[in-house]
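Secondary and tertiary structure notes
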Amino acid sequence: MKNKEDYLEYNPACLYTEKLEFKIFIMVSLLADNNLAYRGTLNDISRDLGYAGTADTRRNKRIKEAIERLLEADLIKVLKDKNIYTISLSSYAEKNVIRIARGTVKTIRETLMSERTGHDWSYTLKVLLYLYETDNTFVEGMNDRYYKEIAEALRITTKQVGVAIKQLEERFQAIITKKHYHFEEGKVIFRLPTTIQIQKQ
């Protein structure tokens, strides 16, 4: 049996945030299960989110605004000391969580960050988590109408949904039709019997 540390717990409210907010939330969540908080400057956050290059004033402004929106949504807590941000999950974000294998999240995030295909890793992860959260099955031949429903819910385009599903099926061999769940301490906890692995080239 896997330990708690083998899973990432996330509040599904994060799925309905904008791209940058979602990426920051996931970054913080990956630390939260080990009782850690994210600590760094806006430049550090930019780098750890996968943005290449030197410091970008406009990007840092967008990151700051995304942090503020997450605060307003009560999904994170922030302490600021000069230009250093310490970010952790809020009490609300730690409730009503869904549990997913940590390796699954890290594989999608780190693989797509390193490949720089032009398709942001957050879209693929968002679609996967949305299918878990809404109890949908991942089936071959999803039609455009279904893509549109997912896109509207997640604030992304139907094209991005299509690319994400193709990656999940072909690139990551995602299998999410065998989801198991049970109740634990008043929370619905989803346990995944499989983990995502990279296809051999």
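Worth saying up front: this structure is predicted, and the values here are computed from it rather than measured.

**Topic: the overall build of the chain**
Regarding its fold elements, the chain presents 7 helices and 7 strands. For the chain, the sequential pattern of α-helices and β-strands runs β-α-β-α-α-β-β-β-α-α-α-α-β-β. When the 201 residues of the chain are sorted by exposure, 48% land in the buried category. Across the chain, every contact between residues at least 6 apart in sequence was considered, and the portion connecting residues at least 24 apart equals 66%. Element-wise, carbon and sulfur atoms account for 47% of the exposed surface of the chain, whose accessible area totals about 10,900 Å².

**Regarding the side chain of Gln160**
Mapped onto the elements, Gln160 comes out in helix 7 (residues 158-171). Only 3.3 Å separates the side chain of Gln160 from the side chain of Tyr123, close enough to count as a polar contact. If near-sequence neighbours (up to four positions away) are discounted, Gln160 is found in contact with His119 and Tyr123.

Cut-offs used in this document
Residues numbered from 1 in each chain as written. Predicted model: local features only at pLDDT ≥ 70, side-chain atom pairs only at ≥ 80, totals over all residues. Heavy atoms only, no water. Helix = DSSP H or I, 4+ residues; strand = E, 2+ residues; numbered from the N terminus. Buried < 20%, exposed > 50% of the residue type's maximum accessible area, 1.4 Å probe, protein only. Contact = heavy atoms within 4.5 Å. Areas by Shrake-Rupley, 256 points an atom, 1.4 Å probe, with all protein chains shown as cover. Polar contact = N/O pair within 3.5 Å; in protein donor to acceptor, adjacent residues only side chain to side chain.

Without other data, these values stay purely geometric and don't point to any function.
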